[in-house]
Amino acid sequence: MTQGGMPEGPSVRKFHRLVTPFVGQQVAKTGGSSRKLCPADLQALWLRDVQVHGKKLFLRFDTGDETGRPGNSPLPEPLQKEEAGTWELGGQEIPVLPPGAAARVAAGSEGEGADASAGHAERWLQVGFGLFGSVWVNEFSRAKKANKRGDWRDPVPRLVLYFGDGGFLAFYNCQMSWRPHPVVRPACDILSEKFHRGQALQALGQAQPVCYTLLDQRYFSGLGNIIKNEALYRAGIHPLSLGSLLSPARLESLVDQVVEFSAGWLQGKFRGQRQHPQIYQKERCPAGHQAVRAALGPPGGFQRLTWWCPQCQPRLPPEEPGSLLPPGPGAPPGIVASGELDA
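All residue numbers here refer to positions counted from 1 along the written sequence of the relevant chain. Selection of residues for local features in this predicted model requires a pLDDT of at least 70, selection of side-chain atom pairs for listing and counting requires 80 or more, and totals for whole chains, interfaces and linings are taken over all residues. To get the side-chain values, take all heavy atoms of the structure and skip hydrogens and water.

Draft legend 1. How the structure looks around the packing of helix H1 (residues 9-19) against helix H6 (residues 248-270). A fitted line through C-alpha atoms represents every axis, and for helices the fit uses only the stretch in contact; the resulting angles, taken between N-to-C directions, go from 0 to 180 degrees. Every helix listed is a DSSP run of H or I at least four residues long, and every strand listed is a run of E at least two residues long, numbered separately from the N terminus. It is the contact of H1 with H6, at a shortest axis distance of 9 Å, that shows an interaxial angle of 35°. At the point where H1 passes H6, the crossing takes the right-handed sense. From H1, Pro10, Ser11, Arg13, Lys14 and Arg17 reach across to H6, where they touch Ser262, Trp265, Leu266, Lys269 and Phe270. Class assignment for the residues of the contact of H1 with H6 results in four nonpolar, two polar and four charged. By definition, turning the near helix anticlockwise from the far helix through less than a right angle yields a left-handed crossing, and turning it clockwise yields a right-handed one. Residue contacts are counted whenever heavy atoms from the two residues lie within 4.5 Å of one another. Gly counts as polar in this scheme, as do all residues outside two lists: the nonpolar Ala, Val, Leu, Ile, Met, Phe, Trp, Tyr, Cys and Pro, and the charged Asp, Glu, Lys and Arg.

In structure tokens, the structure reads:
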């Protein structure tokens, strides 16, 4: 069972569902290539809870000293006696750390170990998925194509958690750090029942392009590039329209589309249905008009590829803000040749 792609709120909610069945189990052994997080810290710990917020998961572990679910017994004898070694994945050896390995907290750029030490009975592991993070359950990701050198080398997980019942979780391309508690703000989570529409509308009303505001996780946690593109198209709003020039009704419509598209995408994931965007990565909109593609983002900030229909999404104001630069030499029509691009 797997999940991959460029995770947005609905994908991370699906990750949450995949990880939840492991709650109440003890970590038997660990592996992975992470250097910022010491996998040995998780050995023999019990997974007690999993929470989700926006694009992040929070996993609560403890030592098992607290009263927990029935069956909180020591690890099976074979696992207690297992020694450290390696397992081979795609021709690469990845360390496997057995129970009893020395636990330490590695300091990292996101503050690993600063907020929770190895001596604490309870701690939360924050997992951020970035653009390409994923969780695989009871199987490993395999190479889908050869790399630039022609090698068919399988991706290497950052962290692998093996549990006493034989199941395991493999985390790929994730940013992980220890926290004393989960950072959960339901008011800004687009998939939360407590999502604060008023706060979102106030943020959208700023005198800046709405496509910038939509990706601001302070107000729209879990909203990513796909949701941004689809919500703007369905609301009929040009991505570079200044929020301060849009009517309250237009802004209300945009928030409606964000919530409805996100919820529909999530339900589709739970049913195993593929998502079918109307404008994202499309050459034409559903009405048959030619779509435009450009990298848009705050000046000096992160640029995200954006698709829109000039006819279905008329521009407000008529003049585009200066952040949309003309294509550079050799750039395809409609593509901004500056900034870092991604889909």
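Draft legend 2. Fine view of unusual backbone geometry. Unlike most non-glycine residues, Ala44 shows phi in positive territory, near 70°. Summarising the element assignment, Ala44 is placed in the loop between strand E2 (27-31) and strand E3 (46-53). A relative accessible area of 27% means that Ala44 is categorised as partly exposed. Within the chain, Gln281 stands out as a residue other than glycine whose phi angle is a positive 60°. Tracing the chain through its elements places Gln281 in the loop between H6 and strand E12 (292-296). Here the term buried applies to any residue with accessible area under 20% of the maximum for its type, exposed to any over 50%, and partly exposed to those in between, with areas from a 1.4 Å probe on protein chains only.

Draft legend 3. Just the side chain of Ser134, in detail. Tracing the backbone through its elements, the reader meets Ser134 in strand E8 (residues 134-137). Residue Ser134 is classed as buried on the basis of its relative accessible area, which comes to 6%. Nitrogen and oxygen atoms within 3.5 Å of one another constitute a polar contact, given that in protein one can donate a hydrogen and the other can accept it, and given that sequence-neighbouring residues count only through two side-chain atoms. A polar contact of 3.3 Å, which involves the side chain of Ser134, links it to the side chain of Trp136.

Draft legend 4. Fine view of the pairing of E3. Judged by how many residues are buried, E3 sits mostly within the fold: six of eight residues are covered. Pairing between E3 and strand E4 (residues 56-62): seven bridges, direction antiparallel. Following the sheet pairing, His53 is matched in E4 by Lys56. Two strands are counted as paired when DSSP detects at least two bridges linking them.

Draft legend 5. Just the packing of aromatic side chains, in detail. In summary, the pairing rule links any two rings of Phe, Tyr or Trp, Trp by its six-membered ring, whose centres are within 6.5 Å, and it sorts them by plane angle into stacked for under 30 degrees, edge-to-face for over 60 and tilted for everything else. A complete count under the given rule lists nine aromatic pairs for this structure. Summarising the aromatic geometry, the rings of Phe261 and Trp265 are spaced 5.9 Å apart at their centres and angled 50° between planes, so their arrangement reads as tilted. Of the two residues, Phe261 and Trp265 both sit in helix H6, four residues apart, roughly one turn of that helix. Judged on exposure class, the residue Phe261 and its partner Trp265 are both buried. Between Tyr280 and Trp307 the ring centres are 5.1 Å apart and the planes differ by 70°, which places this aromatic pair in the edge-to-face class. Taken together, the positions of Tyr280 in the loop between H6 and E12 and Trp307 in strand E13 (residues 304-308) put the pair 27 residues apart, joining distant regions of the chain. On the basis of relative accessible area, Trp307 is assigned to the buried category, the value being 7%. Aromatic rings pair up to connect Phe140, Tyr162 and Phe168 into one cluster. Criterion for a charge above a ring: Arg CZ or Lys NZ at most 6 Å from the ring centre, at most 35 degrees from the ring normal. Its end group placed over the ring of Phe270, Arg17 keeps NZ or CZ at 3.6 Å from the ring centre. Of note, Lys29 hangs over the ring of Tyr162, and the distance from its end group to the ring centre comes to 4.9 Å.

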